[in-house]
Amino acid sequence: MGCPAKSIADRGAGVGVMPSPLKIARTFKKLTSVLKVPVTGKIRLGWDKKKNYKLIARIVEENGGSLIAVHGRTKEQRYAGNADWDAIAEVKSLVKIPVIGSGDVRTVEDIGRMKAHTDCDAVMIGRGALANPWIFSGLDREQVPPEQVQETVRRHLAKSVEFYGDEDGSRLFRKYAVQYLLLQTLTRETRKEILKPRPSGEFLELLNQVYAVTA
Ligand SMILES: Cc1cc2nc3c(=O)[nH]c(=O)nc-3n(C[C@H](O)[C@H](O)[C@H](O)COP(=O)(O)O)c2cc1C
């Protein structure tokens, strides 16, 4: 119940189900009665300013949900502004099932800050992990040795090519290259040049050259 994409939410899926509490109740009741695995929920704060996250969190719990993750923004906010960590704290004080906090955790320090602020049981990291997957090992991006970044880029690109083939594998890897190598810091023209379609071997060589300059 977290996805705000128009193609999903506008047809009542993702966060689009949040305005339908009875549907959520029925869905959780049904799933938790027939499945042997834990059923968990992930919500935003609601569709718009009329936030209903407290109601939905209670519904998830009362209908057998075993955990709830809360992204502290509404569908209307998409990714704008700051995630509301107070709202996550409210959910934590309202339900007994474990609560995972989500929104704006970018650094190792943020993990502790969110836990202290909300008393949540765990944090979920989205965008921060794309730029710095090493956050799960307790490292901030600037603490990761350049050789490790380079090795990860090499392996990730190789896996992408193995799975999708050379052309699509290289193309789909571009968004990760931007994050891994902090290419946002380069000018638009330079970035465009680097990310032009090219064979994966050539792409990797270029990324290594760029990284030697940006690292
Ligand atoms: C690449 C990507 C994929 C995501 N996929 C999902 C998803 O499948 N289901 C979901 O509920 N949230 C999904 N999210 C949202 C995140 O779980 C998270 O709630 C949101 O990005 C806010 O946290 P952040 O500030 O750490 O990115 C995704 C986010 C990103 C960046």
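Here the structure is shown first, and the text comes after it.
Scope of this entry: the structure provided in the associated data block. Since the structure is predicted, the reported quantities are computational estimates derived from the model, not experimental observations. (Residues numbered from 1 in each chain as written. Predicted model: local features only at pLDDT ≥ 70, side-chain atom pairs only at ≥ 80, totals over all residues. Heavy atoms only, no water.)

### Side note on the site of the ligand
Here is the rule: By convention in this text, a residue qualifies as near a molecule or strand provided that one of its non-hydrogen atoms is within 4 Å of it. We define a polar contact as two N or O atoms separated by no more than 3.5 Å, with the added condition that, inside protein, one atom must be a possible hydrogen donor and the other a possible acceptor, whereas residues neighbouring each other in sequence contribute only through side-chain atom pairs. Per-residue and other accessible areas follow the Shrake-Rupley method at a 1.4 Å probe size, with only the shown protein chains counted as cover for residues. Here the term charged refers only to Asp, Glu, Lys and Arg, the term nonpolar to Ala, Val, Leu, Ile, Met, Phe, Trp, Tyr, Cys and Pro, and the term polar to all other amino acids, Gly among them.
As a structural note, the neighbourhood of the ligand is formed by Lys42, His71, Tyr79, Ser102, Gly103, Asp104, Met124, Ile125, Gly126 and Arg127. Serine 102 is positioned such that a nitrogen or oxygen atom in its side chain is 2.7 Å from an oxygen atom of the ligand. Within the backbone of aspartate 104, an N or O atom sits 2.7 Å from an oxygen atom of the ligand. Starting from 610 Å² of accessible surface for the ligand in isolation, the protein chains cover 63%. When its residues are assigned to classes, the shell around the ligand shows three nonpolar, four polar and three charged.

### Remarks on the side chain of asparagine 132
To keep it simple, the criterion reads: Numbering of helices and strands runs from the N terminus, with a helix taken as a DSSP run of H or I at least four residues long and a strand as a DSSP run of E at least two residues long. Any two residues whose heavy atoms approach within 4.5 Å are treated as being in contact.
Residue position: asparagine 132 is located in the loop between helix H6 (127–131) and helix H7 (146–164). Within the structure, the side chain of asparagine 132 is placed 2.8 Å from the backbone oxygen of leucine 139, a separation counted as a polar contact. In this structure asparagine 132 touches Leu139, Asp140, Arg141 and Val144, once residues within four positions along its chain are discounted.

### Here's the deal with the packing of H7 against helix H8 (residues 166–180)
Let me state the cut-off plainly: Only the stretch in contact is used when a helix axis is fitted, and all axes are lines through C-alpha atoms; the angle between N-to-C directions ranges over 0 to 180 degrees. Orientation categories follow fixed angle ranges, with anything under 35 degrees roughly parallel, anything over 145 roughly antiparallel, 65 to 115 roughly perpendicular, and all other angles oblique. For any pair of crossing helices, the crossing counts as left-handed if the nearer helix is rotated counterclockwise from the farther one by less than a right angle, and right-handed if it is rotated clockwise.
At a minimum axis separation of 7 Å, H7 and H8 run at an interaxial angle of 150 degrees. With respect to each other, H7 and H8 are oriented roughly antiparallel. As for how H7 packs across H8, the hand of that crossing is right-handed. For the pair H7 and H8, contact is made by Val149, Thr152, Val153, His156, Leu157, Ser160, Val161 and Tyr164 and by Asp166, Asp168, Gly169, Ser170, Leu172, Phe173, Tyr176 and Tyr180, respectively. Residue composition of the contact of H7 with H8, grouped by class: nine nonpolar, five polar and two charged.

### Examining the environment of serine 66
Our working rule: Burial classification: accessible surface area is computed with a 1.4 Å probe over protein chains only, and a residue below 20% of its type maximum counts as buried, one above 50% as exposed, and the rest as partly exposed.
You can see serine 66 is positioned in the loop between helix H3 (53–62) and strand E2 (67–71). In this structure serine 66 comes out as partly exposed when scored by relative accessible area, which is 30%. Sequence spacing of serine 66 and valine 39 is 27 residues, and the spatial spacing of their C-alpha atoms is 5.9 Å. Excluding residues that lie within four positions of it along the chain, serine 66 makes contacts with Pro38, Val39, Thr40, Ile97 and Pro98.

### Digging into the pairing of strand E3 (residues 99–102)
Formally: By this definition, two strands are paired if DSSP reports at least two bridges between them. A right-handed crossover is one whose linking path, passing over the helix from the first strand to the second, runs clockwise when the strands point away from the viewer.
Burial along E3 is two-sided: Val99 and Gly101 and Ile100 and Ser102, pointing in opposite directions, are all buried. Pairing of E2 with E3 involves four bridges; the strand directions are parallel. In the strand pairing of E3, valine 70 is matched with glycine 101. Once you follow E2 into helix H4 (residues 85–94) and on to E3, the crossover reads as right-handed. In the sheet, E3 pairs with strand E4 (residues 122–124) via three bridges, with the strands oriented parallel. Bridge pairing in E4 links serine 102 to methionine 124. In this fold, E3 hands off to helix H5 (residues 108–118), which returns the chain to E4; that crossover is right-handed.

### Regarding a nonpolar patch on the surface
Where we set the bar: Patch membership requires more than 30% relative accessible area and the absence of a salt bridge. Residues of like charge join within 9 Å; the nonpolar side chains Val, Leu, Ile, Met, Phe, Trp and Tyr join within 5 Å. Any carboxyl oxygen of Asp or Glu that lies within 4 Å of a side-chain nitrogen of Lys or Arg is treated as forming a salt bridge with it.
On the surface, a nonpolar cluster with roughly 330 Å² of combined accessible area is contributed by Leu31, Val34, Leu35 and Val37. Here valine 34 lies in helix H2 (residues 21–34).

### With respect to the pattern of salt bridges
Going through the model one piece at a time under the given rule, you end up with eleven salt bridges. The partner of lysine 6 in a salt bridge is aspartate 10, and the shortest N-O contact between them spans 2.8 Å. Across the pair aspartate 104 and arginine 73 runs a salt bridge whose closest N-O atoms are separated by 2.7 Å. Residue aspartate 104 is located in the loop between E3 and H5, and its partner arginine 73 is located in the loop between E2 and H4; the two are separated by 31 residues in the primary sequence. Residue classification places arginine 73 among the buried positions, given a relative accessible area of 1%. Residues joined in a network through salt bridges with shared partners are Arg73, Asp104 and Arg127.

### Regarding unusual backbone geometry
For arginine 78, which is not glycine, the phi torsion reads 50 degrees and is therefore positive. Along the chain, arginine 78 turns up in the loop between E2 and H4. The phi torsion at aspartate 119 lies on the positive side, around 65 degrees, for a residue other than glycine. With respect to the helices, strands and loops of the structure, aspartate 119 is situated in the loop between H5 and E4. Its relative accessible area of 53% is what places aspartate 119 among the exposed residues.

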